[in-house]
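What follows is each chain in one-letter form.
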Amino acid sequence: MRGFLGTGATFGADLNLVVQIIMGVALIAGTLLARYKHYRAHGICQTTVLLLNLLMIGLVMGPSFQQQVKPALSKVPHKWYYEVAAIHGVLGIVTELLGLYIVIVAGTNILPQWLRFKHCKWWMRTELVLWAIVLLGGMGTYCAWYVAPFR
């Protein structure tokens, strides 16, 4: 199914791009909520974005990676086109896992004390920076794959 942004992308890729940008804006809004000491709203906002991203990984990005990137990595070594997408995918998974860990530590008492971090702000800021890098990398990957493909 053709996308709606006028590129060579599929509908899923276009939808994912738009949702990711909206989630990036929501993360910034959530950061502002924390800055103004609205911690409950901050937690709800950030957790919602994290879970929505998990859904997008499962429905769009994971299958796309499996179909387009993974098979090419073993056949076409040292092609930046695929390597950039693979690096984006790995960094994205690391960022998502870190986000899930932060939510578990900050929002629950599930983990024992020795598995919990002590400097919440540092970890949350690190997560926000990683998320921004992954979002920009995803936008770059989208452009490389669908706007100006160089295969």
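Residues numbered from 1 in each chain as written. Predicted model: local features only at pLDDT ≥ 70, side-chain atom pairs only at ≥ 80, totals over all residues. Heavy atoms only, no water.

A count of helices and strands for the chain gives 4 helices and 0 strands. Taken along the three principal axes of its C-alpha coordinates, the chain extends 45 × 30 × 20 Å. Counting the 151 residues in the chain, one finds 32% classified as buried. A sequence separation of at least 24 residues applies to 54% of the contacts in the chain between residues at least 6 apart. Looking at the chain as shown, the accessible area adds up to about 9700 Å², and 72% of this sits on carbon and sulfur atoms. (Helix = DSSP H or I, 4+ residues; strand = E, 2+ residues; numbered from the N terminus. Buried < 20%, exposed > 50% of the residue type's maximum accessible area, 1.4 Å probe, protein only. Contact = heavy atoms within 4.5 Å. Areas by Shrake-Rupley, 256 points an atom, 1.4 Å probe, with all protein chains shown as cover.)

The topology assignment puts D14 in helix α1 (residues 11–35). With no salt bridge to any partner, buried D14 finds its closest opposite charge in R2, at an N-O distance of 7.9 Å. A polar contact is formed between the side chain of D14 and the side chain of Y142, at a distance of 2.3 Å. When neighbours within four sequence positions are excluded, D14 is seen to be in contact with G3, F4, L5, T7, A9 and Y142. (Lys, Arg positive; Asp, Glu negative; His and termini not counted. Salt bridge = Lys/Arg side-chain N within 4 Å of Asp/Glu carboxyl O. Polar contact = N/O pair within 3.5 Å; in protein donor to acceptor, adjacent residues only side chain to side chain.)

Take the packing of aromatic side chains next. What the rule picks out here adds up to 6 aromatic pairs. Between W122 and W123, the ring centres sit 5.0 Å apart and the planes meet at 90°, which makes this aromatic pair edge-to-face. Under the relative-accessibility criterion, W122 is labelled exposed at 53%. For W123, a relative accessible area of 28% gives the class partly exposed. Put simply, the rings of Y101, F117, W122 and W123 touch in pairs and so form one group of aromatic residues. (Phe/Tyr/Trp six-rings, centres within 6.5 Å; stacked < 30°, edge-to-face > 60°.)

So, on to a positive patch on the surface. A cluster of basic residues, R35, K37, K121 and R125, forms a positive patch at the surface. Within the secondary structure, R35 is located in helix α1. Judged by its relative accessible area of 66%, R35 falls in the exposed class. (Patch = residues over 30% accessible without salt bridge, like charges linked within 9 Å, V, L, I, M, F, W, Y side chains within 5 Å. Charge placed at Lys NZ, Arg CZ, Asp CG, Glu CD.)

With that out of the way, let us pick up the packing of helix α3 (residues 80–107) against helix α4 (residues 120–147). For the pair α3 and α4, the least separation of the axes is 9 Å and the interaxial angle reads 150°. Here α3 lies roughly antiparallel to α4, going by the angle between them. In terms of crossing hand, the pair formed by α3 and α4 is left-handed. Residues belonging to the contact of α3 with α4 are distributed by class as follows: 17 nonpolar, 7 polar and 2 charged. (Axes fitted to C-alpha atoms, helices over the stretch in contact; angles between N-to-C directions. Parallel < 35°, antiparallel > 145°, perpendicular 65-115°, else oblique. Left-handed = near helix turned anticlockwise from the far one by under 90°. Nonpolar A, V, L, I, M, F, W, Y, C, P; charged D, E, K, R; others polar.)

Not every positive phi belongs to a glycine, and K37 is a case in point at roughly 65°. K37 sits in the exposed class, given a relative accessible area of 59%.

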